[in-house]
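# Structural overview for review
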Amino acid sequence: MAISTPDARLLRERRRFLLSLGSAALTAPLFLRELATASALPGAAPRRVIMFSTAMGTIKSRWVHPVGPLGTLGPLLAPLQPYVKDLNLILNDGGGVHNGGGHPALGRLLTGLAEKDSGPAGPGNGASIDQYLGKVLGAATRFPVLEFGAALDYSAGEEENRLVWADGKKSMTSEGDPKKMFERMYGLPPSSAEPTKPLVGPKAMVDRLSSEITAMQNTLGGAERTKLDVHLASIRDLEKQIAGLANQSCDKPTPPTVECGCRGNLGDYKLVPQQIREQIDLVVNALACDMTRIISFQVGSEGGGSMRFPFLKLDTHDVTMETQTMHFYSHNDRPDDYQDSGPMYQIHLWFAEQFAYLLSRLASVIDTDGKRLLDNTCVLWLTPMGEGRLHDSERLPLLTAGSAGGVVRTGQSIVTKDRYINDLLSTITHIMGAPVDTYGDPMLSKGPIAELLA
Amino acid sequence: MRGLGRSWLLGLGLVTQVLAACTGNITGDGGSGTGGVDIAGPNRPGSAGGPGVGVNGKVCGGAKLPAARIWRLTGKEYLASVRDVLGLDAVPELELEVEPIVDGFNNNANALSISTRFAAQLQKAGGILAPSGVSQFARYSGCDAAALADEVCVKAFIQKFGARAFRRPLAAEETAGYLDVYRAGVLDNKAVGGVLLIVQTLLQSPYFLYRTELGTALDKSAGVVRLSDYELASELSYSLWGTPPDDALLASAESGALAATAELESQARRLLSDTRAKESISNFASQWLSLQDPAAPLRDPLKFPQFAAVKDDLFREFKLLSQEAFLGTGATLASIFSSKSTFVTQSLADYYDLPTVAAGGTPQPTPLAGSPRSGLLTSGALIASWSRDVDTAPMSRGRRILDRVLCQELPPPPAALDVPAIPALPNATNRERYAIHTQNPGCSGCHTTLDGVAFALENFDSAGHYRTTENGKAIDASGHVENGGDLDGAFSDMAELAARLSTSNTARACLARQYVRFAAGTGRSGDDDCLIQGLVDAATKRGDSPTELLIALVTSDYFRARQLP
């Protein structure tokens, strides 16, 4: 393998050195080193990350964008056009998931392992990146990581059905049921006899602090008094933020309505659009209220567990086909399945609409530092295949949104040549401030993708 | 509200008497101290227009007291305070804004305030830390740990926990206010929610985050106040330890004993003999001498392959050496510049070309006999901090010697000046490369002073390694000092300059001035020569001891009294 040559190793060392310089330059200059936390720089809101996956690649001719600054996006990404400044398109040219083989690549998309059951290897020990970050950074929040899903079906092989892994052999279950996720986050929904009361504590706290600052101010003269003007205004800002957050997202939201098992049940699949929106709302709540900073979100399973789209009119020429699975269309060689407005085209466009909804919600919440929550988040959109029609896992169309507090350089379309998914995974660790230079199998890792790091 | 005790009132009477007699200090008790700096009363002859500051027995008319003020805790002090009040061994990682650096120090009282961002960080930190406060409920309330719903216990908790956080007893209004906070928290989340909210609020209180130095109503007509005993206890503790006052110091404040100079001095000596003083003095030393962040990769590993392996040892050496030079047995102000022993591991001994030391990773006290190094200024961590990869940065070294060691301010190059590039000259020494400074008449005005000291450290490369040649040419590390009083004149190399510094009054005065900036959180101030000299004299009179300089400062009125606006 090319990466084991001395030149490559030297490059890697050099890169590691440059990166270490970069991160040192970002940390506090003197004496406050101990204050710089792993998850955020002093003075910044916490960084968040979302690993969002959808099934079966894309149609590249309708996805691709010339290398360089992003302009008008391809038709399959049109719903993301409002966020073009926040995006990166990464066309992974050679690499992808090692020996991915199409559908089963889902199981190693976030683990970076070389083979099925190849066992613990390198940083992550075979765990998916969300679980690894949860272990390293999760202590700061109530949930180290939350695993969301929609349109899940675990009835077929684990590798083609499951995104999240505790280690190389043990898969984990993502929660596809918004009601269950809501209960986990907020406890059981209140009975109608006991309506939720707005919290009184935060206001009492801010009132107390304001009165103390005012009292202290009254003992001061001149410039000292001015010093506390700033503090008092800050506390009042805080009150507004507490109130604002309570209105926007930190209050217990309206409980979701969808109870979704979705296992091959046509009725359930009709609920998927509602399910995914309710799930996305919960994701945004969880991040806005700092319940967790790490989210994985699996949309659809691969292969035998593939989802259906009764809510899209996919087969106008053959109404009996409207309940077919995505898997069916992916292997079907009818010429128009991958044509514009054909079934696969519609499915991938629908995925982009869901991703756009996630971005719109993240952009609508103002974080504690006054920025959009999206600005403090890095959302990755991953898929285990490249050109869905070919079922290849070597040339993945990948996408990021948000700069995670300015750490990610955005607004560009890049091509990464011969880089396995491992390098994107190690880039995530750098973005989140817990950097490792290889993730998963070290033999597949060349180090983080420098173009993505600001 | 400040809890004036009976003995405080007695002390107050005494002070008023002294003022009335107008013969000397207003904050002392007649002066059994060992040489503090005192303040003359407003009517004292020779102090026209305001109180003068007396130094070690004589009065300095022009010197000014720090203003009555509030002084925000630094991030480090905040963490130490959190650790103390919550009884934690280690504080969880928190995001806190970095302090502004003023005149080299990060604790400048004027510059520290609370921004919206910092307020938000403190709010979040309060939330993260609150559960640790609840686990201290039994310790502070004296009740069962589960008695969170018992308001008698909660009130006791508020009083004791609050007193620890505020470093003074709570007024009745404050206790009642926190009981209201508790009740609001209970409505949201039962009794535990109430106690959590108390802790979260207290940790954001201005009385926790700021130290007040407002004094008492005493003698406002004179424009001068004396710090309350509790304020003084905090001032003393944060200055000498970087932490809040401990039980003994708080008890001394509570009893009013601390108002007496003898008690203040004895508390200060107790603090200085404690290991916590070491941490604070090395913090001062690294800010005084502009050390870089030990976590930063200072040198390019390709150009300086050996440096990374000894970097941690170098910074540890600086820390231990500064602690020993200021607080060690027999430490003198001279030893700060000229000490002939240091603390090295075997790998550092190799790096410094010193004889073998005892095995193991811990640094061993090691003599520097025969070594070109002496004192703090030739320690490798300092030299590396003052250098850069491309060259030894002689101008920056020179500027630091002037600014940090001699307290000479050098104006920046005039804006209109067309600054010529320093030639690369691969086969030249730095001195030759920078000769353009003194040859060009547009530069030489300032550079004669700067370049006079800029090459003193040329025998040490950017990684702190000793060398005698540069690009095959012998190094000339000689120079001269200008405008430096007793230091003026030529020196042949750093060893000679260090020896001269070790006997210099100018160097002592600068050190004292820098320590005052650190301990009092004040920046450059005008006419304080007389005050500074008083501190130096107090030390030189008593064995040239740095400790005595510190004692003279903390027992002085400069430390204990404030000027009203």
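Residues numbered from 1 in each chain as written. Chains lettered and ligands numbered in written order. Predicted model: local features only at pLDDT ≥ 70, side-chain atom pairs only at ≥ 80, totals over all residues. Heavy atoms only, no water.

When its secondary structure is counted, chain A shows eleven helices and eight strands. Residues counted as buried form 58% of the 454 residues belonging to chain A. Put simply, of all contacts in chain A between residues at least 6 apart along the chain, 72% involve residues at least 24 apart. Total accessible area on chain A is roughly 17200 Å²; 56% of this is exposed by carbon and sulfur atoms. (Helix = DSSP H or I, 4+ residues; strand = E, 2+ residues; numbered from the N terminus. Buried < 20%, exposed > 50% of the residue type's maximum accessible area, 1.4 Å probe, protein only. Contact = heavy atoms within 4.5 Å. Areas by Shrake-Rupley, 256 points an atom, 1.4 Å probe, with all protein chains shown as cover.)

Our next topic: empty space enclosed by the protein. Evaluation of the coordinates by the stated rule reveals ten cavities of 30 Å³ or more. In this structure, the largest cavity occupies an estimated 160 Å³ of space. Those elements that place two or more of their residues in the lining of the largest cavity are strand S5 (210–213) and helix H8 (229–240) of chain B. Taken together, the residues of the lining of the largest cavity sort by class into four nonpolar, three polar and five charged. Estimates place the volume of the second largest cavity at around 120 Å³. Every residue lining the second largest cavity is counted, 14 residues in all, and those nearest its centre are Gly57, Thr58, Trp63, Trp381 and Pro397 of chain A. (1 Å grid on protein atoms, 1.4 Å probe; cavity = no way out; pocket = protein on both sides within 12 Å on 5 of 7 lines; lining within 4 Å. Points joined across faces, edges and corners; volume = space filled by probe spheres on them. Nonpolar A, V, L, I, M, F, W, Y, C, P; charged D, E, K, R; others polar.)

The subject of this paragraph is the packing of helix H5 (residues 151–166) of chain B against helix H6 (residues 172–202) of chain B. All names here are of chain B. Contact geometry of H5 with H6 gives a least axis separation of 9 Å together with a crossing angle of 125°. Taken together, the axes of H5 and H6 lie oblique to each other. Between H5 and H6 lies a crossing whose hand is right-handed. Judged by residue contacts, Glu151, Val154, Lys155, Phe157, Ile158, Gln159, Phe161, Gly162 and Phe166 of H5 engage Glu174, Thr175, Tyr178, Leu179, Tyr182, Arg183, Val195, Ile198, Val199 and Leu202 from H6. By residue class, the composition of the contact of H5 with H6 is twelve nonpolar, three polar and four charged. (Axes fitted to C-alpha atoms, helices over the stretch in contact; angles between N-to-C directions. Parallel < 35°, antiparallel > 145°, perpendicular 65-115°, else oblique. Left-handed = near helix turned anticlockwise from the far one by under 90°.)

The next subject is the environment of Ala105 of chain A. All names here are of chain A. Mapped onto the elements of the fold, Ala105 is located in the loop between strand S3 (87–96) and helix H2 (129–137). Of the residues examined, Ala105 reaches a relative accessible area of 0% and is grouped as buried. Spatially, the C-alpha atom of Ala105 lies 9.2 Å from that of Lys116, the residues being eleven residues apart in sequence. In this structure Ala105 touches Val97, Gly100, Pro384 and Ser393, once residues within four positions along its chain are discounted.

The full count for this structure, using the stated rule, is 49 salt bridges over all chains. Arg372 of chain A is the salt-bridge partner of Asp375 of chain A, the closest N and O atoms lying 2.8 Å from each other. Under the relative-accessibility criterion, Arg372 of chain A is labelled partly exposed at 25%. With a closest N to O distance of 3.1 Å, Glu458 of chain B and Arg467 of chain B form a salt bridge. Like Glu458 of chain B, the residue Arg467 of chain B is buried in the burial classification. Among the ionic contacts, a cluster of salt bridges with common partners joins Arg69, Glu77, Arg211, Glu213, Glu235 and Arg562 of chain B. (Salt bridge = Lys/Arg side-chain N within 4 Å of Asp/Glu carboxyl O.)

Now for the state of the cysteines. All names here are of chain B. Applying the stated criterion across every chain, the model contains two disulfides over all chains. Shown here is the disulfide that connects Cys143 with Cys153, its sulfur atoms set 2.0 Å apart. The S-S bond linking Cys143 to Cys153 shows a torsion near -90°; that makes this disulfide left-handed. With Cys143 in the loop between helix H4 (137–141) and H5 and Cys153 in helix H5, the pair connects residues that are ten residues apart, well separated along the chain. The exposure class assigned to Cys153 is buried, which follows from its relative accessible area of 6%. Cys407 shares a disulfide with Cys510; S-S distance 2.1 Å. Disulfide Cys407-Cys510: torsion about the S-S bond near 85°, hence right-handed. A residue pair is termed long-range when its members are at least 10 positions apart, and Cys407 in the loop between helix H16 (394–405) and helix H17 (430–433) and Cys510 in helix H21 (residues 505–520) qualify at 103 residues. No disulfide involves Cys443; its sulfur sits 9.1 Å from that of Cys446, the nearest cysteine. (Disulfide = S-S within 2.5 Å.)

Right, let's get into the nonpolar core. With 97 residues, the main nonpolar core has Trp288 and Phe326 of chain B as its most contacted residues. In this structure, Phe326 of chain B is in contact with Ile281, Phe284, Ala285, Trp288, Ala331, Ile336, Leu376, Leu511, Pro546 and Thr547 of chain B, ignoring residues within four places of it in sequence. Core analysis: the next-biggest nonpolar cluster, separate from the first, contains 67 residues, Leu77, Tyr83, Tyr338 and Trp381 of chain A among them. (Core = buried A, V, L, I, M, F, W, Y, C linked by side-chain atoms within 4.5 Å.)

Bringing the packing of H16 of chain B against H21 of chain B into the picture now. Residue and element names in this part refer to chain B. For the pair H16 and H21, the least separation of the axes is 8 Å and the interaxial angle reads 75°. Classified by the angle their axes make, H16 and H21 are roughly perpendicular. When H16 is examined against H21, the residues Asp403, Arg404 and Val405 are found in contact with a partner set consisting of Ala507, Cys510 and Gln514. For the contact of H16 with H21, the residue count by class is three nonpolar, one polar and two charged.

Residues and elements named next belong to chain A. Ordered by their spatial adjacency, eight strands build an open sheet running S2-S8-S3-S7-S6-S1-S5-S4, and the pairing between neighbours is mixed. In this open sheet, the two strands that pair with only one neighbour each are strand S2 (68–69) and strand S4 (146–150). Direction of pairing for S3 relative to strand S7 (residues 397–401): antiparallel, over a ladder of five bridges. The residue bridging Leu89 from the neighbouring strand is Leu399, located in S7. (Pairing = 2+ DSSP bridges.)

We now examine helix H22 (residues 529–541) of chain B. When the terminal C-alpha atoms of H22 of chain B are compared, their 18 Å separation across 13 residues agrees well with the 18 Å that a helix rising 1.5 Å per residue should span. Positive phi appears at Gly543 of chain B, one or two residues downstream of H22 of chain B, with a value of about 75°. (Expected span 1.5 Å × (residues − 1).)

Looking now at the pairing of S7 of chain A. Residues and elements named next belong to chain A. Buried residues dominate S7, accounting for five of its five residues. Along S7, one buried face is formed by Pro397, Leu399 and Ala401 and the opposite face, lined by Leu398 and Thr400, is buried too. As paired strands, strand S6 (residues 377–382) and S7 are joined by three bridges and run antiparallel to one another. Bridge pairing in S7 places Trp381 opposite Leu399.

Attention shifts here to the confidence of the model for chain B. In regions of low pLDDT, the predicted coordinates are not meant to be interpreted in detail. All names here are of chain B. Chain-level pLDDT for chain B is 86 on average; 87% of the residues reach the 70-or-more range. Scored below 50 in pLDDT, residues 1–51 shows 119 contacts in the model against residues more than four places distant or in partner chains. As scored by the predictor, the complex reaches a pTM of 0.62 and an ipTM of 0.87. (pLDDT = per-residue confidence, 0-100.)

The phi angle at Arg167 of chain B is positive, at roughly 60°, despite the residue not being glycine. With respect to the helices and strands, Arg167 of chain B occurs in the loop between H5 and H6.

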